[in-house]
Structure formats: C-alpha cells, structure tokens
Amino acid sequence: MVNVTVIVMIFVDKSLHEPMYIFLCNLCINGLYGTAGFYPVLLNDLLSPSHLISHAGCFLQGFVIHSSAATDFSILALMAYDRYVAICRPLMYHSVMTKQRVCLFV
C-alpha cells in the first residue's frame, strides 16, 4: 500500500517530477512487479493441499523474480549516479540529468 501511495504522490505533485523522485517511483513500481510475481504462488502453496507448480509457472516465477532483482539493482545504481552528480558536480547537474537522459535511463 505504501508503494501505491508513493507512486500516486509523485504522479500528482508536479514539484516531485525530479530525477530522484522518478527513480524512486520506478523502484516502487518494480516492487509491485516483484510482489505480484512472488506472493500469489506463495499464497496458493499455503492454502492448497498440493504443492505442485508447472514447469511454465516455475520458469515464469523465476523470470519475474530475477528480472525484478536485476531492475532493483539497476535503479539503485542510477540513484547512486544521480546523487554522485548532485554532490560532486553540482553546477553540471541540470545539464547532465536532463529529462531526456532520465527517460533514457528509465
């Protein structure tokens, strides 16, 4: 529920349309994606008497979890780069982190 709240707040408030908040929004969206790939199967295993999963379902769940983890690492690296530019090169920040470049990163 917190992820949805953060996404809505960033989407609604125009002053939060900065690179760090866009990356934070993407991190929340990716959290929802990873959760949607993991918890339904977990709840199915907890509530059903049989604990079987098809090969396709297993591969799909593995793909979702691995792609979610890889995207998390990528977004965190982008957030670190954004902070590096903001701290070490503050005068060049707005020329380096343009909207076009942020869209390319995302």
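For the structure given in this document, a descriptive report is provided here.

Conventions adopted
- Residues numbered from 1 in each chain as written.
- Predicted model: local features only at pLDDT ≥ 70, side-chain atom pairs only at ≥ 80, totals over all residues.
- Heavy atoms only, no water.
- Helix = DSSP H or I, 4+ residues; strand = E, 2+ residues; numbered from the N terminus.
- Contact = heavy atoms within 4.5 Å.
- Axes fitted to C-alpha atoms, helices over the stretch in contact; angles between N-to-C directions.
- Parallel < 35°, antiparallel > 145°, perpendicular 65-115°, else oblique.
- Left-handed = near helix turned anticlockwise from the far one by under 90°.
- Nonpolar A, V, L, I, M, F, W, Y, C, P; charged D, E, K, R; others polar.
- Patch = residues over 30% accessible without salt bridge, like charges linked within 9 Å, V, L, I, M, F, W, Y side chains within 5 Å.
- Areas by Shrake-Rupley, 256 points an atom, 1.4 Å probe, with all protein chains shown as cover.
- Salt bridge = Lys/Arg side-chain N within 4 Å of Asp/Glu carboxyl O.
- Buried < 20%, exposed > 50% of the residue type's maximum accessible area, 1.4 Å probe, protein only.
- Phe/Tyr/Trp six-rings, centres within 6.5 Å; stacked < 30°, edge-to-face > 60°.
- Polar contact = N/O pair within 3.5 Å; in protein donor to acceptor, adjacent residues only side chain to side chain.

### A look at the environment of valine 96
Counting through the fold element by element, valine 96 comes out in helix H4 (residues 93–96). Taking the C-alpha atoms as reference points, valine 96 and alanine 86, separated by 10 residues in sequence, lie 9.6 Å from one another. Ignoring any residue separated from it by four or fewer positions in sequence, one finds valine 96 in contact with Tyr81, Val85 and Arg101.

### Observations regarding the packing of helix H2 (residues 19–47) against helix H3 (residues 55–88)
In contact at an axis separation of 9 Å, H2 and H3 are set at 165° when each is read in the N-to-C sense. The orientation of H2 with respect to H3, classified from their angle, is roughly antiparallel. Relative to H3, the crossing made by H2 is left-handed. For the contact of H2 with H3, the residue count by class is 15 nonpolar, 8 polar and 3 charged.

### What to know about a nonpolar patch on the surface
Taken together, the side chains of Phe38, Tyr39, Leu42, Leu43, Leu46, Leu47 and Ile65 make up a nonpolar region of the molecular surface, amounting to roughly 700 Å² of accessible area. The dominant element in the nonpolar patch, judged by the number of residues it contributes, is H2, at 6 residues. The partly exposed category is assigned to isoleucine 65, whose relative accessible area is 33%.

### Some remarks on the packing of aromatic side chains
All chains considered together, the criterion is met by 2 aromatic pairs. Centre to centre, the rings of phenylalanine 38 and tyrosine 39 are 5.1 Å apart; their planes meet at 75°, and the pair counts as edge-to-face. Considering the side-chain rings of tyrosine 81 and phenylalanine 105, the 6.2 Å spacing of their centres and the 90° angle between planes classify their relative orientation as edge-to-face. A residue pair is termed long-range when its members are at least 10 positions apart, and tyrosine 81 in helix H3 and phenylalanine 105 in helix H5 (residues 99–105) qualify at 24 residues. Looking at tyrosine 81, the relative accessible area reads 35%, which means it is partly exposed.

### Here's the deal with the side chain of asparagine 30
Structurally, asparagine 30 can be placed in helix H2. A relative accessible area of 7% places asparagine 30 in the buried class. Within the structure, asparagine 30 has its side chain in polar contact with the side chain of aspartate 72 (distance 2.7 Å). What asparagine 30 contacts, discounting residues up to four positions off in sequence, is Ser68, Thr71, Asp72 and Ile75.

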